[in-house]
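Descriptive analysis of the structure
Single-letter residue listing:
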Amino acid sequence: MQKKIVRTVLVFALVLTILAANAIQVSASDTLAPKPKTPTPTSTGPTPIGNIIPMPVSITSTGASFLLPSTADIYVEPGTTELTAVGQYLADKLNPSTGYGMQVLTTAGAPANGNIYLTTVGGDPALGDEGYRLTVTSSLVTVVAYKPVGLFRGIQTIRQMLPAAIESATMQSVPWQMATGTVSDYPRFTWRGSMLDVARHFFSVTDVKRYIDLMAYYKLNVFHFHLSDDQGWRIMINSWPNLALYGGGTQVGGTCSNCYYTQAEYSDIVAYAQSRYITLVPEIDMPGHTNAALASYAELNCNGVAPARYTGTNVGFSSLCISKPITYTFVDDVIRELAALTPGAYMHVGGDEASSTTTADYVSFVSQVQTIVQSHGKQMIGWEEIAQINGLYASSVAQHWNTTNSFAPTAVQKGAKVLMSPANKAYLDMKYSRKIQLGQTWAGLINTQTGYEWDPATIVSGVSESSVLGVEAPLWTETIVTIRDIEYMAYPRLPGYAELGWSPVTGRNWNEYKVRLGSHGPRLTALGVNFYRDALVPWQ
Ligand code: TNX
């Protein structure tokens with residue numbers, strides 16, 4: 001009798017899982033209308049499409065396969081250097097492992113069989129700027145998108161539909177097959193980001209670029225660059241050169257030689273992100289988290305005395321001098337120079353953990369900063385404490401992190417939008433488990449499942465989907481020293497945040513996701529990523 005009940009429950013669970021998996025194929029709630037009608041998926045073929053992260057809005061498998069021949073090239077429509085660059089990105093990803101030396105060529109109309117075709121002709125505006133439709137037949141691979149950025153997102157899907165060895169840096173002899181079918185896709189949220197703290201530990205331009213390129217693989221589109229903190233100032237500001245020259249000389253644990261980016265290096269990173277359709281958002285943290293600046297210029301301190309540089313890991317002890325006019329000259333100069341180097345719409349002004357500043361001073365300071373940011377043509381984003389200011393612009397954004405004392409509902413009441421980075425779910429510097437050495441635990445342990453199982457639209461009461469701009473996973477680097485450390489903390493959690501930001505919530509389920517994520521093990525290996533083999537994931 002008991003056995004029978006167990007069996008019935010198991011069968012029921014199986015049916016539910018199948019229903020849930022199918023539900024993913026149908027478009028769920030989103031902001032774009034009208035929604036594309038999607039046929040019921042069939043997965044009768046030997047190689048069904050299905051291990052894509054983030055999960056696309058709809059997939060139809062037709063059960064056959066496309067074999068990429070050694071003669072293949074990548075075709076784009078003529079007359080656009082932007083499409084040629086997108087095509088070249090794909091060629092550069094496919095050529096090392098295939099050894100095919102694919103070229104980017106132009107064509108008016110579909111190319112001959114056995115090629116890859118990327119075009120905006122006939123792109124569907126209803127799928128949005130980042131949306132795309134990918135069609136794989138046994139003779140041709142075609143991505144059609146309304147905008148080049150949609151094609152760029154679509155080619156990540158092509159990469160993920162090819163065998164994992166496609167990501168290898170050296171030639172592999174593998175039949176380069178793709179399952180046939182159609183993927184129709186677009187993101188749920190417009191901001192899908194990750195933050196890298198280069199202030200606590202400094203990372204080279206090469207390391208930063210690698211982080212950005214890996215983000216692109218999972219269709220993330222915002223790189224938040226935490227450029228200053230108590231332990232270091234990482235960007236040359238020509239009008240205040242000591243910030244970088246002196247303030248860039250330390251990091252957690254000690255001195256650090258020339259640990260800042262020149263403006264040319266910063267611009268190079270911006271352009272690198274831009275070529276991956278990733279917007280760079282620079283952060284200068286203020287009024288707290290400013291010891292490196294205070295140490296570099298005595299006049300920024302209320303008492304006129306520069307403190308020593310700081311190489312510990314405490315927070316909440318430093319503050320710019322709220323009452324001094326020179327503080328606002330400083331902020332204006334820094335924001336002006338950074339804004340001129342930054343094509344993206346946002347300037348992040350920090351605003352977190354200003355515990356040595358009174359609330360009245362804090363509100364006065366951030367209000368003035370908001371005006372300064374706007375005067376340089378940018379929108380202000382700050383950690384959620386900024387929502388306390390009167391006159392918060394609707395165009396300003398509050399980044400939620402504090403799960404015990406959130407100002408996110410305050411931001412919404414004032415008409416502003418919220419970016420979701422709840423520390424106990426989305427902080428990439430939290431340990432996966434007590435057993436691992438890297439990371440912190442103050443916000444809790446975040447294994448891959450915990451990091452995945454939440455919804456940005458329901459995580460904070462008083463903040464509903466229409467007020468959520470998106471999701472961001474910050475990586476603070478007090479304990480993180482090398483790019484291998486960075487990769488270990490970000491992978492495999494970051495693909496999960498990418499899915500929370502991109503995919504429809506309907507049908508989302510850890511048991512399905514963990515299998516799909518497990519299939520990315522060989523991909524991450526081929527990419528050379530030092531990822532954490534979380535035992536909760538059935539790695540292939
Ligand atoms: C809190 S949360 C911080 C950072 C630390 C981080 C460490 C927030 C906005 N600020 O200054 O690096 O915790 O986990």
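Please refer to the structure higher up on the page.
Now for a description of the structure that goes with this document.

Parameters and conventions
- Residues numbered from 1 in each chain as written.
- Predicted model: local features only at pLDDT ≥ 70, side-chain atom pairs only at ≥ 80, totals over all residues.
- Heavy atoms only, no water.
- Near = heavy atom within 4 Å.
- Areas by Shrake-Rupley, 256 points an atom, 1.4 Å probe, with all protein chains shown as cover.
- Nonpolar A, V, L, I, M, F, W, Y, C, P; charged D, E, K, R; others polar.
- Pairing = 2+ DSSP bridges.
- Helix = DSSP H or I, 4+ residues; strand = E, 2+ residues; numbered from the N terminus.
- Axes fitted to C-alpha atoms, helices over the stretch in contact; angles between N-to-C directions.
- Contact = heavy atoms within 4.5 Å.
- Buried < 20%, exposed > 50% of the residue type's maximum accessible area, 1.4 Å probe, protein only.
- Right-handed = clockwise from strand over helix to strand, strands pointing away.
- Phe/Tyr/Trp six-rings, centres within 6.5 Å; stacked < 30°, edge-to-face > 60°.
- Lys NZ or Arg CZ within 6 Å of the ring centre and 35° of its normal.

This part takes up the site of the ligand. Arg200, Tyr427, Asp429, Trp442 and Glu478 are the nearest of the 14 residues found near the ligand. Here the ligand, which alone exposes 370 Å², has 98% of that area covered by the protein. Across the shell around the ligand, the residue classes break down as 7 nonpolar, 2 polar and 5 charged.

In this section: the sheet that holds strand β14 (residues 279-286). Reading around the circumference, β8-β9-β14-β15-β16-β17-β18-β19 is the order of the 8 strands in this closed barrel, with parallel pairing throughout. Each adjacent strand pair in this sheet contributes to an overall mean axis angle of 30°, direction not counted. Where helix α6 (residues 263-274) meets the sheet, it contacts β9 (222-226) and β14, and its direction lies at approximately 135° from that of β14.

With that settled, consider the pairing of strand β8 (residues 191-197). The side chains of a regular strand alternate between both faces of the sheet. Within β8, 7 of the 7 residues are buried, leaving the element largely enclosed by the surrounding structure. Where burial is concerned, the two faces of β8 agree: the one with Trp191, Gly193, Met195 and Asp197 and the one with Arg192, Ser194 and Leu196 are both buried. In terms of strand pairing, β8 meets strand β19 (residues 468-475) through 6 bridges, oriented parallel. Within β19, the position partnered with Arg192 by the bridge is Val471. Strand direction decides the pairing type here: β8 and β9, joined by 5 bridges, are parallel. The residue bridging Met195 from the neighbouring strand is His224, located in β9. Taken together, β8, helix α4 (residues 205-217) and β9 form a β-α-β motif whose crossover is right-handed.

Attention now moves to the packing of aromatic side chains. Here the structure, examined in full by the defined rule, presents 26 aromatic pairs. Note on Phe223 and Phe225: the rings are 5.1 Å apart at their centroids and 45° apart in plane angle, and the pair reads as tilted. Residues Phe223 and Phe225 agree in their burial class; the two are buried. Assessed through its relative accessible area of 0%, Phe225 is described here as buried. Through successive ring pairs, a cluster of aromatic residues spans Phe202, Tyr211, Phe223, Phe225, Tyr261 and Tyr266. Looking at Lys147, its charged tip hangs above the ring of Tyr146, at a distance of 4.9 Å from the centre. Here Arg309 stacks its cationic end above the ring of Tyr246, 4.0 Å away from the centre of that ring.

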